[in-house]
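Examining the three-dimensional arrangement
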Amino acid sequence: MTLSTLETASPALDLERIRADFPILDQEVNGHPLVYLDNAASTQKPAAVIDAIGHLYRHDYANVHRGVHELSHRATEAYEQARGKVARLLGIGDEGEFVWTKGTTEGLNLIAYTWGQANIRAGDEILLSVMDHHSNLVPWQLLAQRTGAKLRFLDIDGEGRLDLSALDDLLTERTKLVSIAHISNALGTINPVTEIAAKAHAVGAVMVVDGAQSAPHLPVDVPSLGADFYAFSGHKMCGPTGSGGLWGRREVLEAMPPFHGGGDMIDFVELESSTYAPLPLKFEAGTPNIAGAVGLGAAADYLASVGREAILAHERHLMAYALERIAEVPDLTVYGPRDPAARSGVVSFTLGDVHPHDIATILDGEGIAVRAGHHCCQPLMRRLCVPATARASFYLYSGTDDVDRLIDALHKARAVFGY
Ligand code: C6P
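Residue numbers here run from 1 along each chain, matching the order of that chain's written sequence. Residue-level local features of this predicted model are given only where pLDDT is at least 70; pairs of side-chain atoms are given and counted only at 80 or more, and the full residue set underlies all totals for whole chains, interfaces and linings. The side-chain values count all of the structure's non-hydrogen atoms but skip hydrogen atoms and water molecules.

Focus on the state of the cysteines
Among covalent bonds in proteins, the disulfide is the one between the sulfur atoms of two cysteines. Let me state the cut-off plainly: A pair of cysteine sulfur atoms is labelled a disulfide when the two atoms are within 2.5 Å. Here's how the labels work: a residue is buried when its accessible area is under 20% of the maximum for its type, exposed when over 50%, partly exposed in between, all with a 1.4 Å probe on protein chains only.
In the structure shown here, the tally under the stated rule is 0 disulfides. Free of any disulfide, cysteine 377 has its nearest cysteine sulfur in cysteine 376, 6.9 Å distant. For cysteine 377, a relative accessible area of 0% gives the class buried.

Spelled out as C-alpha cells, the structure:
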C-alpha cells in the first residue's frame, strides 16, 4: 500500500527503546506477538514503575505520616516525593491542591459528595454531556437524587464532537456545576474544556474536568485549563491500579467539608467533633495506597523522561496513520472526529452488523487486544444507535506496525463473517 502523506515510522520516539521498557509486551498471545491496543482501559507498566514498587516493599516500606522510626520516615518521604513528581508532571505548583485518590471515579465521587452536598440545592442544574463516562454521570445522578437538582446534557454532532451551539442556552443562573470529559474514552474526541470552563464561570458555575483520558496523552498543565477540579487515574498513565489524583483550586478545596473521616485527615479529635488537617490531608483519610503513590511517582518520572510533547507528537502521527489505514477496510464504520488532531488515543468502530465482541474475539486469536462493549458509556451508545463498538486504543509504545496487524486482522474478520 502507499501512504501519500505519512511515513510509517514516528519521528518523535525511539519505539524499540520504549518497548524494551515494558516487559509485558515481549510475549506471544495465541501464537502471535502481542499487540496491546486496550490502553484506554488500562496501560502497561514500564520496569521503572514495577521496580519502584518492589524497591519500596523490599527496603523502605512502613506506614506514612505516623511513625518516628526510620522506615516510616523513608516511606513518608517516598510517598510525598511521589506527590511532587505527579504534581510537577501535570503543572500543579501547589501540592496542597493535589489529593491522592484511587482514580478518576473516586475523584469525581469526592466532588459530588463533598462540594455537591454543600452547594447543590433543589432546582439547581448540573450540566454534563451525552458522551460522558458512567463515572461522570452516575455520581451526579446520585447527587441530583439526593438534592432535587436537575441534570442537563450537551449533545454531540455527527462527528462525535460536543454540540457547543446549545451551550449558551444550557448555561443559566441555575447552573451550579459543569462536568465534562477532557477526552472521550469511546470516541477519542478532545473537548474544549477551557472554553466551556470560561462560560461556566461566567454564570457562576464550578467546572469539573474528567481527565481520565487526557492526563495520559496530552501534556496537560492542569491549573491553566481554567477549571476548578481535574480528576485522573494512575493506571491509565503507566502507573499502578488504585492510584490517581484529584486537583482542586485551593480556595474551593478549603471551603469543602471532608469526604471520608478517619486517621490522617484530622488535626484534633474530641469525642463529639474534630478539626481537620490542612490540604491535602483533609481529603486523605486512613492508611493510603503508599505503593500506588510511589509507583505513580515513578510513572510520572518515566513519562517526563520520554517527554510529554514527544508522546503527543507520536500519538498524533499514529492516529493519522490509523485513520488513513482503517478507511481501507470495507464495511467498517469509524466513530469520532475525522480530523486526527481533534482526537486522541482511541479509534472506535463497528463492522457491518457483526457484534463487536465477535470482532474482539477474532482479533484476540491474532494476538491483538482491543476492548469491545459500551465502554461504560451506555447513553452514548444509545445516542450513536449501536449496542457497542470495538475500540483500539494507543499509547506511547504503540506503533504503525501494530496498526498494520490490526488492519490485517480486520480483513480476516470480514472474511470470517462473510463480508
Ligand atoms: N475508562 C475505559 O475502558 P477509573 O475506572 O476510575 O480509573 O476511570 C473511570 C473513567 C472515567 N472517565 C473516563 C473518560 C474514562 O475513560 C474512565 C475509564 C476505561 O474506557 C474503563 S471503563
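Some words on unusual backbone geometry
Worth spelling out the cut-off: Labels follow the DSSP assignment, with helices taken as runs of H or I lasting at least four residues and strands as runs of E lasting at least two, numbered in each case from the N terminus.
Cis geometry is found at the peptide bond from leucine 279 to proline 280, where omega equals 0°. Within the fold, proline 280 resides in the loop between β12 (274–276) and α10 (290–306). For asparagine 30, which is not a glycine, the phi torsion comes out positive at approximately 50°. In this structure asparagine 30 comes out as partly exposed when scored by relative accessible area, which is 48%. In this structure, cysteine 376 takes a positive phi of about 60° despite not being glycine. Tracing the backbone shows cysteine 376 in the loop between β16 (371–373) and α13 (378–384). Residue class for cysteine 376 comes out partly exposed when judged on its relative accessible area of 24%.

Structural notes on helix α4 (residues 104–113)
Most of α4 is tucked away: 8 of the 10 residues are buried. Along α4, the residues classified as buried are Thr104, Glu106, Gly107, Leu108, Asn109, Leu110, Ile111 and Ala112.

Considerations on the packing of helix α3 (residues 70–89) against α10
The condition that has to hold: The angle between two axes is taken between their N-to-C directions and runs from 0 to 180 degrees, where each axis is a line fitted to C-alpha atoms and a helix contributes only its stretch in contact. Just so you know how the angles are binned, under 35 degrees is roughly parallel, over 145 roughly antiparallel, 65 to 115 roughly perpendicular, and the rest oblique. Should the near helix be turned counterclockwise from the far one by less than a right angle, the crossing is left-handed, whereas a clockwise turn marks it as right-handed. Residues are treated as being in contact if the distance between any of their heavy atoms lies within 4.5 Å. Residues are sorted three ways: Asp, Glu, Lys and Arg are charged, Ala, Val, Leu, Ile, Met, Phe, Trp, Tyr, Cys and Pro are nonpolar, and all the rest, Gly among them, are polar.
In contact at an axis separation of 8 Å, α3 and α10 are set at 40° when each is read in the N-to-C sense. Comparing the axis directions of α3 and α10 gives the class oblique. Judged by the sense of rotation from one axis to the other, the crossing of α3 with α10 is left-handed. Counted together, Ala78, Tyr79, Ala82, Lys85, Val86 and Leu89 of α3 and Ile290, Ala293, Val294, Leu296, Gly297, Ala300, Asp301, Leu303 and Ala304 of α10 form the full contact between these two elements. The residue makeup of the contact of α3 with α10, split by class, is 12 nonpolar, 1 polar and 2 charged.

Quick word on the domain arrangement of the protein
Basically, it comes down to this: Bear in mind that the domain bounds are from an automatic or database domain assignment. Accessible area, probed at 1.4 Å, shrinks when two parts are joined; the buried area is that loss added up over both. Here a salt bridge means any side-chain nitrogen of Lys or Arg lying within 4 Å of a carboxyl oxygen belonging to Asp or Glu. Identification of polar contacts relies on pairs of N or O atoms within 3.5 Å, with a donor-acceptor requirement for protein atoms, meaning one able to donate a hydrogen and the other able to accept it, and with residues adjacent in sequence counted only if both atoms are side-chain atoms.
Parsing the protein into structural domains produces domain 1 (3–30 + 307–416) and domain 2 (50–305). A C-alpha centroid distance of 28 Å is found between domain 1 and domain 2. Taken together, the contacts link 37 residues of domain 1 with 34 residues of domain 2. Both faces considered, domain 1 and domain 2 share a buried interface measuring about 2800 Å² in area, 58% of it formed by carbon and sulfur atoms. Remark: the boundary between domain 1 and domain 2 carries 2 salt bridges. Here arginine 338 and glutamate 159 are joined by a salt bridge, their closest N and O atoms 2.9 Å apart. For the pair domain 1 and domain 2, the number of links is 19 residue pairs in polar contact (both at pLDDT 80 or more).

Re the site of the ligand
Under the convention used in this document: For each residue, the test is whether any non-hydrogen atom lies within 4 Å of the molecule or strand; if one does, the residue is near. Working definition of accessibility: Shrake-Rupley area with a 1.4 Å probe, residue cover restricted to the visible protein chains.
The full set close to the ligand counts 16 residues, and Thr105, Asp210, Ser233, His235 and Arg371 are the nearest of them. The protein chains hide 88% of the 510 Å² of surface that the ligand would expose on its own. In terms of residue class, the shell around the ligand is made up of 4 nonpolar, 8 polar and 4 charged.

Let's talk about the packing of aromatic side chains
Basically, it comes down to this: Under the pairing criterion, centres of Phe, Tyr and Trp rings, with the six-membered ring standing for Trp, must be within 6.5 Å; the plane angle then separates stacked pairs below 30 degrees from edge-to-face pairs above 60, leaving the rest tilted. Charge over a ring is defined by NZ of Lys or CZ of Arg lying within 6 Å of the ring centre and within 35 degrees of the ring normal.
Within this structure, the stated rule accounts for 9 aromatic pairs. Here tyrosine 57 and tyrosine 61 contribute two aromatic rings whose centre-to-centre distance is 5.2 Å and whose plane-to-plane angle is 50°, an arrangement assigned as tilted. Owing to a relative accessible area of 36%, tyrosine 61 belongs among the partly exposed residues under this scheme. With a centroid separation of 6.1 Å and 35° between ring planes, the pair formed by tyrosine 113 and phenylalanine 259 is classed as tilted. Residue tyrosine 113 is located in helix α4, and its partner phenylalanine 259 is located in the loop between α9 (250–255) and β11 (266–269); the two are separated by 146 residues in the primary sequence. Among the aromatic residues, those joined into a cluster by ring pairs are Tyr79, Phe98, Trp100, Tyr230 and Phe232. One residue, arginine 146, lies across the ring of tyrosine 113, its end atom 4.1 Å from the ring centre.

Some details on the nonpolar core
The test is simple: Buried Ala, Val, Leu, Ile, Met, Phe, Trp, Tyr and Cys residues that are joined via side-chain atoms within 4.5 Å together make up what is termed a nonpolar core.
Counting 75 residues, the largest nonpolar core has Val178, Met207, Tyr230, Phe232 and Leu396 as its most contacted members. Considering each element in turn, this core owes the most residues, 11 residues, to α10. Dropping the residues within four chain positions of it, tyrosine 230 is found in contact with His182, Val209, Gly211, Ser214, Ala215, Val220, Val222, Leu225, Gly245, Leu246 and Trp247. Core analysis: the next-biggest nonpolar cluster, separate from the first, contains 30 residues, Val35, Leu406, Ala409 and Leu410 among them.

Quick word on the sheet that holds strand β7 (residues 175–181)
How we decide: If DSSP finds at least two bridges between two strands, the strands pair.
If you trace the 7 strands from one edge of the open sheet to the other, you get β4-β10-β9-β8-β7-β5-β6, paired in mixed fashion. Edge strands, defined here as strands with exactly one partner in the open sheet, are β4 (98–101) and β6 (150–154). Mean inter-strand twist for the sheet, computed between neighbouring axes without regard to direction, equals 20°. The sheet contact formed by strand β5 (residues 125–129) and β6 spans 5 bridges and is parallel. Bridging across to β6, glutamate 125 finds its partner in lysine 150. Here α4 sits on the sheet and contacts β4, β7, β8 (206–210), β9 (229–233) and β10 (244–248); the angle it forms with β9, its principal contact strand, is near 150°. Most of the contacts of helix α8 (residues 193–202) go to β8, to which it runs at about 160°, and overall it touches β7 and β8.

As for the packing of α4 against helix α6 (residues 138–147)
Between α4 and α6, the shortest axis-to-axis distance is 9 Å and the interhelical angle comes to 15°. If you check the angle between α4 and α6, you find them roughly parallel. When you trace α4 past α6, the crossing you get is right-handed. Along the contact surface, α4 presents Leu108, Asn109, Ile111, Ala112 and Tyr113, while α6 presents Pro139, Trp140, Leu142, Leu143 and Arg146. Looking at side-chain class alone, the contact of α4 with α6 contains 8 nonpolar, 1 polar and 1 charged residues.

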